[in-house]
Amino acid sequence: MRTAFIYTDRYADYDYGPAHPLRIIRLKLTYELIKAYGLLDLPSTRFVETRKATEEELLLFHSRDYVDVLKRASQGSPAGEAFVYGLGPGDNPLFDGLWKWSLLATGASIQGAQLVVEGEADIAFNIAGGLHHALRDRASGFCYVNDPVITILWLLSRGKRVAYIDIDAHHGDGVQRAFYGTDRVITISLHESGNFLFPGSGFEYEMGEGDGKGYSINVPLYPFTDDETYLWAFEEVIPPLIREFKPDVMVTQLGVDTFYSDPLTHLCLTTRGFTKVIERLRDLSIPWVALGGGGYEFGNVARAWTLAWAIMNGVELEDEIPGPFEEMGRPLGFREDTLRDLPLSIPQGRRQEARMEAERVVNYLKKTIFSKGQGCP
Ligand SMILES: [Zn+2]
């Protein structure tokens, strides 16, 4: 397996602000932990310095107006103009270097696609990507530029058939919306139900329209969904649909805000469930562009994506966090002593309720989408 890790130290130049839940510094923490485990020195892997996306690449998806406003807003244009496009105090703040940050996060995702399509890597990982909420002409949910959509459009322009799999706790609404009417991309999102969490969409009956009917798949889950139920739902839905769809490339959004200790969400995954999902994705053996995503507890982000990168490279890691990393990580907010979580105990009633809801959703999907031919058996 040949892998590529796309990253730059320049990410650390940017910050949404100290009060914002999405801290770009979590990327540096992840990179340092990966490095401390020696996972960038493997013979199978290469380190690729991030390049900026071009304006033309942004325009593959975003409107000219929005791109212009984003650029101007980043240079201190009047806030009133930006407000119309979802920019300003709150979820999508205007911060110094916002434009350059967006170009870097997006450029790295396109690089991942290039490496995979050109046969330079079987798996490419951009931990800065996965900003799945941004819309064509509007910032949304901490996302300004939708790098998954741009990456998928780039792959489509090279004649590839693409499967998008999104395991972030939030529904991948921006990506679903972009491909809702086409059968050239299948989008599958497992997430906490929109009844409880932003963006309030991603219900099982949202299935696509026109040519795209049956190619948007949603698995909304209840709060307290644990590793076991999550893995069950994943296994029931994703491998059969992917086998049937036969993509040339798979683009995944690997948000880690599904973890029990994430401050913004209510699912109850641990490293055990997350790593099993990553193993399952790897075992699909499809050229793979892996993107980051949400995750608002720093320790979870660094540990989970380090574990993911190890699995992509077929390496087993010691549970003890390397000493030099601990010294560096503590001041940046890393508190965990071990790489993996301990088993979690969840109140039986809540666990059961989440399981029953997952079974209801999976049965619904099997009765509708699976039986119409876009899926098997
Ligand atoms: Zn999220």
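Residues numbered from 1 in each chain as written. Predicted model: local features only at pLDDT ≥ 70, side-chain atom pairs only at ≥ 80, totals over all residues. Heavy atoms only, no water.

### Some details on the coordination of the zinc ion
Taken together, the protein donors to the zinc ion comprise Asp 168 (OD), His 170 (ND1) and Asp 257 (OD), at separations of 1.9 to 2.1 Å. The sequence pattern formed by the donor residues of the zinc ion is D-x1-H-x86-D. In this pair, His 170 is assigned in the loop between strand S4 (162-166) and helix H7 (173-178) and Asp 257 in the loop between strand S7 (249-253) and helix H9 (271-283), connecting sequence segments 87 residues apart. Each of the two residues, His 170 as well as Asp 257, counts as buried. (Donors = N, O, S within 2.8 Å, 3.2 Å for Na, K, Ca; no water. Helix = DSSP H or I, 4+ residues; strand = E, 2+ residues; numbered from the N terminus. Buried < 20%, exposed > 50% of the residue type's maximum accessible area, 1.4 Å probe, protein only.)

### Concerning the environment of Glu 81
With respect to the helices and strands, Glu 81 occurs in helix H4 (residues 79-83). Put simply, Glu 81 and Thr 252 are 171 residues apart on the chain and 33 Å apart in space, counted from C-alpha to C-alpha. In this structure Glu 81 touches Val 69 and Arg 72, once residues within four positions along its chain are discounted. One polar contact links Glu 81 to Arg 72, side chain to side chain, over a distance of 2.5 Å. (Contact = heavy atoms within 4.5 Å. Polar contact = N/O pair within 3.5 Å; in protein donor to acceptor, adjacent residues only side chain to side chain.)

### Concerning the packing of aromatic side chains
Tallying each qualifying case throughout the model produces 19 aromatic pairs. Taking the centre distance of 5.7 Å and the plane angle of 85° together, the rings of Tyr 11 and Trp 101 count as edge-to-face. Placement of the pair is Tyr 11 in the loop between strand S1 (3-7) and helix H1 (25-36) and Trp 101 in helix H5 (residues 98-117), with a sequence separation of 90 residues. Both rings, one in Tyr 215 and one in Phe 245, keep their centres 6.0 Å apart while their planes meet at 65°; by these two values the pair is edge-to-face. In this pair, Tyr 215 is assigned in the loop between strand S5 (185-192) and strand S6 (216-221) and Phe 245 in helix H8 (residues 227-245), connecting sequence segments 30 residues apart. Owing to a relative accessible area of 15%, Tyr 215 belongs among the buried residues under this scheme. Accessibility expressed as a relative area gives 5% for Phe 245, which makes it buried. (Phe/Tyr/Trp six-rings, centres within 6.5 Å; stacked < 30°, edge-to-face > 60°.)

### Observations regarding helix H6 (residues 147-157)
Taking burial as the measure, the eleven residues of H6 include nine buried ones, the bulk of the element. Within H6, the full set of buried residues consists of Asp 147, Pro 148, Val 149, Ile 150, Thr 151, Ile 152, Trp 154, Leu 155 and Leu 156. Where H6 starts, the residue carrying a side-chain oxygen 3.1 Å from the main-chain nitrogen of Val 149 turns out to be Asn 146.

It is worth stressing that arrangement in space is one thing and function is another; only the former is reported here.
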